[in-house]
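These are the residues of each chain, in order.
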Amino acid sequence: MATRRQFIRISAMGAGAVMAGAAGIRLLGSGLTDGQKATLAALTGRTPTYCEVCFWKCAGWVYRDEKGSIKKIIGNSEDQNCNGRFCPRGTGGVGMYHDEDRLRKPLIRTDDRGTQSFREATWEEAFDYIAEKIKVISAEHGPECIALFTHGSGGKYFSTLLRALGSPHIAAPSYAQCRGPREVAFQATFGEALDSPEPLDIRDTKCLVLIGSHLGENMHNGQVQEMSDAIDKGATIITVDPRFSTAAGKSKYWLPIKPATDLALLLAWINVIISEELYDKPYVEKYTYGFEYLKEHVKNMTPEWAYGITTIDPTVIRETAREMANAAPAVIVHPGRHVTWYGDDTQRLRAVAILNALLGSWGRRGGFFRTETFALPEPPHPAYPTPKRTWRTEFPDLYKLADTVLANGVCDATVPDPSRNCKFQAWIVNGTNLMETLPNQENTLKAIQALQLLVVVDTMPMEITGWADVVLPECTYLERYDDLRVGPHRKPQIALRSPAAEPSYDTKPAFYMARELAKRLGVIEYFPFEKMEDQLDWQLKQVGSSLDEMKKIGVKTFDRTADDLYFYPDENVEFYTATGKIELYSTALEGAGFDPMPKYTAHEEPPAGFYRLNYGRAPMHTFSRTSNNPNLTDLMDENSVWVNPRVAKEWGLSTGQYVHLVNQDGKRSEFPIKVRVTERIRWDSVYMVHGFGHQEKKLRRCYGKGASDTNLITKVLVDPLMGGTGMRGNFVTFVTDLAGEEVVS
Amino acid sequence: MNEELIISGRENLMVDPQLHIWHWPIPLYLFLGGLAAGVLFFAALYYLLGKEEQYRAAVRRVPFIAPVALVLGLAALFYDLNHKAFFWQLYTTIRIQSPMSWGAWTLLVITTASFIWCALHIREFFPRWDWKYKWLKDIEVFFNKNKKPLAWVILIFAIITGVYTGILLSAFNARPLWNTSVLGPLFLASGLSAGAASIVLASKNREERLLFTKIDLIILGTELFLIVHMFMGFLASTQVQQEAAQLFLGGPYTMVFWIFVVVLGIIIPGVLDLMELWGKHIPALIPGVLVLMGSFAFRFVFVFAGQVSRWLY
Amino acid sequence: MRYAMAVDTKKCVGCSDCVVACQTENNVPIGFCRDWVVEVTDGTYPQLEIELRSERCNHCANAPCVRCCPTGASHIVEGGIVLVKPNKCIGCGACIASCPYDARYPHPKGYVDKCTFCIHRVKEGMKPACVAVCPTKCMYFGDLDDPNSEVSVILKKRKSKTLIPEAGTQPQLYFLI
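Cut-off values and rules
Residues numbered from 1 in each chain as written. Chains lettered and ligands numbered in written order. Predicted model: local features only at pLDDT ≥ 70, side-chain atom pairs only at ≥ 80, totals over all residues. Helix = DSSP H or I, 4+ residues; strand = E, 2+ residues; numbered from the N terminus. Rg over C-alpha atoms; globule rule 2.2 N^0.38 Å. Buried ≥ 20, exposed ≤ 12 C-beta atoms within 10 Å, placed from the backbone. Pairing = 2+ DSSP bridges. Domains from an automatic or database assignment. Contact = placed C-beta atoms within 7 Å. Nonpolar A, V, L, I, M, F, W, Y, C, P; charged D, E, K, R; others polar. Axes fitted to C-alpha atoms, helices over the stretch in contact; angles between N-to-C directions. pLDDT = per-residue confidence, 0-100. Core = buried A, V, L, I, M, F, W, Y, C linked by C-beta atoms within 7 Å. Parallel < 35°, antiparallel > 145°, perpendicular 65-115°, else oblique. Left-handed = near helix turned anticlockwise from the far one by under 90°.

Caption draft 1: Region of the structure containing the overall build of chain B. A count of helices and strands for chain B gives eleven helices and one strand. When its helices and strands are written in sequence order, chain B yields β-α-α-α-α-α-α-α-α-α-α-α. At 21 Å, chain B has a C-alpha radius of gyration in line with the 20 Å of a compact globule built from 313 residues. Taken along the three principal axes of its C-alpha coordinates, chain B extends 75 × 55 × 25 Å. Residues counted as buried form 50% of the 313 residues belonging to chain B.

Caption draft 2: Molecular detail of the pairing of strand 1 (residues 46–50) of chain A. Residue and element names in this part refer to chain A. In terms of burial, strand 1 is a largely internal element, four of the five residues being buried. In terms of strand pairing, strand 1 meets strand 2 (residues 59–64) through five bridges, oriented antiparallel. In the strand pairing of strand 2, T47 is matched with V62.

Caption draft 3: Quick peek at the domain arrangement of chain A. Residues and elements named next belong to chain A. Under the domain assignment, chain A is made up of domain 1 (102–172 + 405–474 + 509–527), domain 2 (176–371 + 567–591) and domain 3 (611–735). A C-alpha centroid distance of 28 Å is found between domain 2 and domain 3. The interface of domain 2 with domain 3 comprises 23 residues on the first partner and 24 residues on the second. For the side of domain 2 that touches domain 3, the secondary-structure elements that each account for two or more residues are helix 7 (173–190) and helix 14 (345–359). Broken down by element, the side of domain 2 that touches domain 3 gets its largest block of residues, five residues, from helix 7. Broken down by class, the residue content of the side of domain 2 that touches domain 3 amounts to eleven nonpolar, eight polar and four charged.

Caption draft 4: Geometry of unusual backbone geometry. Between A328 of chain A and P329 of chain A the backbone carries a cis peptide bond, its omega angle lying at 5°. You can see P329 of chain A is positioned in the loop between helix 13 (314–327) and strand 12 (331–333). Following Y45 of chain C, the chain continues into P46 of chain C via a peptide bond in cis, with omega recorded as 0°. When you line up the elements, P46 of chain C lands in the loop between strand 2 (36–44) and strand 3 (47–55). Even without glycine at this site, D397 of chain A takes up a positive phi of about 65°. The exposed category is assigned to D397 of chain A, around which 8 C-beta atoms lie within 10 Å.

Caption draft 5: A look at the sheet that holds strand 12 of chain A. Residue and element names in this part refer to chain A. The four strands lie next to each other as 10-9-8-12, forming an open sheet whose pairing is parallel. Strands at the two margins of the open sheet, each flanked by one partner only, are strand 10 (253–255) and strand 12. Each strand of the sheet is rotated relative to its neighbour by a mean of 10°, with strand direction disregarded.

Caption draft 6: Expanded view of the interface of chain C and chain B. Chain C puts 44 residues into the contact, and the matching count from chain B is 40 residues. Listed by contribution, the elements that provide at least two residues to the side of chain C that touches chain B are strand 2, helix 2 (64–68), helix 3 (94–98) and strand 6 (105–106) of chain C. Per-element tally for the side of chain C that touches chain B: the top contributor is strand 2 of chain C, with eight residues. Considering only residue class, the side of chain C that touches chain B consists of 26 nonpolar, 13 polar and five charged. Sheet topology note: the strand 1 (residues 2–6) of chain B/strand 2 of chain C ladder contains five bridges and is antiparallel. Its bridge partner being in strand 2 of chain C, N2 of chain B is matched across the sheet by D42 of chain C.

Caption draft 7: Here's a closer look at the pairing of strand 3 (residues 70–75) of chain A. Residue and element names in this part refer to chain A. Of all six residues that make up strand 3, five are buried, and the element is covered over most of its length. As defined by bridge partners, strand 2 adjoins strand 3 across five bridges and the pair is classed as antiparallel. Along strand 3, the bridge assignment pairs V62 with I73. Hairpin connection between strand 2 and strand 3: a loop of five residues separates the two successive antiparallel strands, and G68 in this loop has a positive phi of roughly 90°.

Caption draft 8: Spotlight on helix 15 (residues 407–414) of chain A. Residues and elements named next belong to chain A. Most of helix 15 is tucked away, with eight of its eight residues classed as buried. Among the residues of helix 15, A407, N408, G409, V410, C411, D412, A413 and T414 are the ones counted as buried. On its buried face, helix 15 sits against strand 6 (146–150), strand 7 (170–171), helix 7, helix 17 (441–449) and strand 25 (725–726).

Caption draft 9: Molecular detail of the confidence of the model for chain A. Residues and elements named next belong to chain A. Scored by pLDDT, chain A has a mean of 91; 93% of the residues are at 70 or more. Scored below 50 in pLDDT, residues 1–33 shows four contacts in the model against residues more than four places distant or in partner chains. Contacts of residues 35–43 to residues separated by more than four positions or lying in other chains number six contacts, the stretch itself having pLDDT below 50.

Caption draft 10: Local environment of the interface of chain C and chain A. On the chain A side, the residues contacting the 29 residues of chain C number 33 residues. A total of seven residues in the side of chain C that touches chain A trace back to one element, the largest contributor, which is helix 1 (residues 17–26) of chain C. Within the side of chain C that touches chain A, the residues separate by chemical class into 14 nonpolar, nine polar and six charged.

Caption draft 11: Structural view of the nonpolar core. Counting residues in hydrophobic clusters, the biggest one holds 380 residues, and the most contacted among them are I270 of chain A together with L40 and A43 of chain B. Of the residues forming this core, the biggest block, 17 residues, is contributed by helix 1 (residues 25–48) of chain B. Apart from the residues lying within four places of it in its own chain, the contact partners of A43 of chain B are A58, V59, V62, P63 and W117 of chain B.

Caption draft 12: Representation of the sheet that holds strand 2 of chain C within the structure. As summarised here, the arrangement of the three strands in space is 1(B)-2(C)-3(C), forming an open sheet in which the pairing is antiparallel. Strands with a single pairing partner mark the edges of an open sheet, and in this sheet they are strand 1 of chain B together with strand 3 of chain C. With direction set aside, neighbouring strand axes in the sheet form an average angle of 15°. Bridge analysis of strand 2 of chain C against strand 3 of chain C gives nine bridges, and the strand direction is antiparallel. Bridging from a neighbouring strand, T44 of chain C pairs with Q47 of chain C of strand 3 of chain C.

Caption draft 13: Region of interest: the environment of A158 of chain B. All names here are of chain B. Relative to the helices and strands, A158 resides in helix 6 (residues 147–170). In this structure A158 comes out as buried when scored by C-beta crowding, with 29 C-beta atoms within 10 Å. Note: C-alpha distance between A158 and F41 (117 residues apart in sequence) is 5.4 Å. With near-sequence residues (within four places) excluded, A158 lies in contact with A37, L40, F41, A44 and I110.

Caption draft 14: Representation of the packing of helix 12 (residues 303–310) of chain A against helix 13 of chain A within the structure. Residues and elements named next belong to chain A. Helix 13 packs onto helix 12 with a crossing angle of 120° between their chain directions and a minimal axis gap of 8 Å. Relative to helix 13, helix 12 is oriented oblique. Between helix 12 and helix 13 lies a crossing of right-handed hand. The residues of helix 13 that touch helix 12, namely those facing P303, E304, A306 and Y307, are P314, I317 and R318. Of the residues belonging to the contact of helix 12 with helix 13, the class tally is five nonpolar, no polar and two charged.

Spelled out as structure tokens, the structure:
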């Protein structure tokens, strides 16, 4: 029986329909042609998208100006990732579309790699060229010798292509160069990886502990927003960082730790929480495994012990541990995101996970919530063929806990080596500038030189395109459809990306490229829909929506299947670990032959006259991807090297002066970098923002500006558990004599 | 250590890293305006004192500099405008609180008056000058009859123009270096001394030269007094004004100010003037040119340094 | 009516989103900005403090730029918003020199440009673009004459300051400290 409220709603809808009809009649009578009407609608309308400037993928609306040109992007208020507020990079995403340095036409190499000798080609030519090469490589070496590196939405379609051909090698630098150790550690502890966006209930937390995470400088939008909410609510923030980060400036406690000693601090915190019995006893008893082992393990790891290592005052270690316990379970020891630092990163993140477990924050309000991801049916296609071999066979007994393809693993396996039989022969690189992403550039180049085919798909002439055999110019996210965004969050949501403009120049969406290649390679049945919009409409109709509806709303929110954002009191939770419990003592690590509980090991320290090279993010840039974006270079067009005044005095450095940096292996920065003398950095390290010092002249706005940290990271500390590439074990010194060198500014 | 940074990459042209909205045409314009004011002031003054015949150069000949200087000055001002096509908007309103506005009107009056004054004395240079048209002749007759009121207008507006070039700057409290009421009298004095120096340079009459050398000396002394006065004011004032004074007391403008403005522009010509009065024969060219250059340098230094002085960052 | 803005220096992270949002909203040419972010660090390692301020035109109640404008191009409209009429502006630069906050700049087209408090949005009942976009929600905008407006409420609740009030401009951009 319809209630009165429903009746009113139905009536209102009826009235609305009548009015829309009347408006339609008026429009018809106004003498506009259909074309004119379409233009008018396009001009006044807004189109939904989700952002591609970083991995957070906030959903928003693209607005055009009177001339129909893309003008601005504003967050969709329904979206949980952004709550209607884009970050500077998302707002500046328009610059990606307007950048006049964009790749414009498909390019085919005419000379040696690295010589920038390309000819413009038609799409047909480029596709034929690639398909021909892939056919030969597949026949000779097997399809497994084709690998994909991806950090972008378009990777999805190339991934389908590769799997259809029979290669499992889909690698994302976001794993082994970024958050891999964290995922492995949380998997080992709670039986679940954290994924993206992380399920952190920051808005309701009473205590946020940031250890090496510079939230606010990394603009992980939702988290920055919630940190601000937490500040409003009076939450305590504890920041551990050798640098006085922006977040440290908002913290009740800033622990200016000696670099590379975080694990000792974490263990000391665990020690205090156990020895002072501050842990959540019922929670630990009910949900965890191995508490007694842990207690025994950390027995001697007292704050006094940690003081000698970390230089943090023992009373501060105790006080901060008590702050956490007082706030528990509404406390978050932030797991961070870019955590590949010293090669023992999985173990450090294990300590973070254990600390959270002791405080009972997992599954609790103000701690870690349980996410839900919307289940969207995939378009129907035949089963993928089973690959005959994988990269893993090339690394026996190594990286046993890696649960995905390692970008650096594929790279290493590509470098000719008599001990390996599967050499990779072809790479497809989509939306990731491997030259700036993978440490040890020399090694990357060795691998590239050994390839038979390197296809790069990008919107910008990034350094990696210079090494490609074929460059495929992708249109930006503002000019294409992509798969629906179905990331995990408090509520299941889907978000649509639809084009706000026709692709500029001769660019195409990745979907089209992958499908055209699939056509030529005889695997078209894996791409049942000719157009992305048809696939989206089909998918949406399976779940009771449609493309038309999504174009109007952009984001659709669904109810959770269960009201289980947090654990119920006394809920019996089954964790996906071997013991079914939160493993303080990890059986998985033990089984793989690693320490079941984290141990502190000392890391190499800078030699005299050298300083540890730390790097991080600026809120207005995403990796090296945005450094040529006109709107964002306007905010920051070069990086600087932060130097403590004591060090500056010793070297006679002053703010604004340009210097070269040289690392422990004699590697010199390609370009000089500006000095910033600041109290915000410790005397034993220097700091710079990642993503500058571009060497590709076609990037006219950012070429030669600032220095590249990747360039100076020649020493890589590999995590034996999962192959993560630790990048914070490099040390640099200054060269102040630029000897007439020209500074690009 | 205190570190203050704009971290959003602000690089507004002509504003960052430090204000530079006014370029060389502005001090040039201020100098030419001041010079014209000085020249016209003495012309009108000695005419009104009934000394037209005695001081012919001052009253009749030197004023010919004025319209040329004013037109050049206005051209320089126009050149430095960023939105030139809308120049005429200046003359659609009078805004009493805006020195720029009443200055524009003042310039209109004084430029017109200076042209008329010169027209009345054109036969000084072209004895057989003929205006050809009757209406022009009528105008000449009219102003010859009313030369006294005209001289009064010139006298008053010359003072306003001279003061205005200083007030234009001193009205900006955003630029601590400019923000001193001494600047009006100082600019007037500088303009008058430039005017007096021009007369000394142009006059062939020894009596006239000596008179204007005396006048010049008095004005230079006054200038020196005003400069000392100005620094005393700055140093006894707020922090930003103390900092502004430092631009000349050890800061980047120290050398150019003390050497070109004070020593070469005031002290040396003053000493030379004194020697001339004591009977030593000094070529008039040297102190005259030095005073003009000093007056010019003074405006340059002040316009440029003033833009550097600031409250923030 | 008296429009004003308050910026919470304790929440601002200096991301400069306000700057780029203003740029795209108001067609501010690349290379120029109407708002900017200042970071002030005080102290010696490890005893340090940071203040972050998103700054823009202060829409001063006693605006020197309006006073010194020779044509009336710079003017104040209802609510105290200081604006420039491009077609009255001669680009003399007097207002730029008169602003102790350096909040104005010469637009490449010749006239002087500055923050408008997004009056076109405010008229429609929206917030200025910078306020609407800020990920930390550190900006508050509204009518000071309305005691219930967002900005009045926060200014009552929190301690605040203005920049160089001693310049006598009566600035209307408040910083919560």
